[in-house]
Amino acid sequence: MLFGRTESRLKNLLIVEDEPLIAFDNEHFLATHGYIVIATVDNAGAALELLPAGGIDLILSDVKLNDSDGRDVAVAAKSAGVPVLFVTGSCPIDAPEIAIGCLAKPYTQKELRQAIEAVEAMLDGVKPKRMPKGLTLYR
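Enquirer: An account of the overall build of the protein chain is requested, with residue identities and associated values reported.
Expert: In terms of regular secondary structure, the protein chain is built from five helices and eight strands. Each helix and strand of the protein chain, ordered N terminal to C terminal, gives the series β-α-β-α-β-β-β-α-β-α-β-α-β. When its C-alpha atoms are laid out on the principal axes, the protein chain stretches across 45 × 30 × 30 Å. Each of the 139 residues in the protein chain was classed as buried or not, and the buried ones make up 46%. Counting only contacts in the protein chain whose residues sit at least 6 apart along the sequence, the fraction spanning at least 24 positions is 60%.

What follows is the structure, encoded as structure tokens:
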């Protein structure tokens, strides 16, 4: 493709979000923009059950979840070599040690997509083309 988009290597996503409307919107938006949503779950335990199966390129996780903590997902994902982008109203103080970045709520769908693209660029060792407002990258 000369001027088109190249396919993302962060194609298979796991969404960990306990707010149903946000979860649905993110899943629908990302699926219609070429991403494969492996699953959308609302708690850390369900996410941790999916991690050993592999096939996840990036986890988008809220921090404060139904009776659980997205930080637990990030710690386990880091051990498994899977990057986590926190999508949350308040990033935990230890986020730089356990996540690749944090996108502050509220965010638009366009900002979510730009955040994923920025994470991919960073993982590829390239400076991101666009940094959406509210995004902090850590590595």
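Having seen the structure, we can now continue with the description.
Enquirer: Give a description of the environment of Leu85 that names residues and reports values.
Expert: Counting through the fold element by element, Leu85 comes out in strand β6 (residues 84-88). With relative accessibility at 0%, the residue Leu85 sits in the buried group. In this structure Leu85 touches Leu58, Ile59, Leu60, Ser61, Ile100, Gly101, Cys102, Leu103, Ala115, Val119 and Leu135, once residues within four positions along its chain are discounted.

Enquirer: So what's going on with the pattern of salt bridges? Which residues, and what values?
Expert: Considering all chains together, one arrives at eight salt bridges under this definition. A salt bridge links Lys105 to Glu17, with the nearest nitrogen and oxygen atoms 3.0 Å apart. Of this pair, Lys105 sits in the loop between β7 (101-104) and α5 (109-123) while Glu17 is found in the loop between β1 (12-16) and α1 (20-32), placing the two residues 88 residues apart along the sequence. Like Lys105, the residue Glu17 is buried in the burial classification. Salt-bridge contacts for Lys105 lead to Glu19; the nearest nitrogen and oxygen are separated by 3.5 Å. One end of the pair, Lys105, is in the loop between β7 and α5; the other, Glu19, is in the loop between β1 and α1, with 86 residues separating them in the sequence. Here the salt bridges share partners, and the residues they tie into one network are Glu17, Glu19, Asp62 and Lys105.

Calculation notes
Residues numbered from 1 in each chain as written. Predicted model: local features only at pLDDT ≥ 70, side-chain atom pairs only at ≥ 80, totals over all residues. Heavy atoms only, no water. Helix = DSSP H or I, 4+ residues; strand = E, 2+ residues; numbered from the N terminus. Buried < 20%, exposed > 50% of the residue type's maximum accessible area, 1.4 Å probe, protein only. Contact = heavy atoms within 4.5 Å. Salt bridge = Lys/Arg side-chain N within 4 Å of Asp/Glu carboxyl O.

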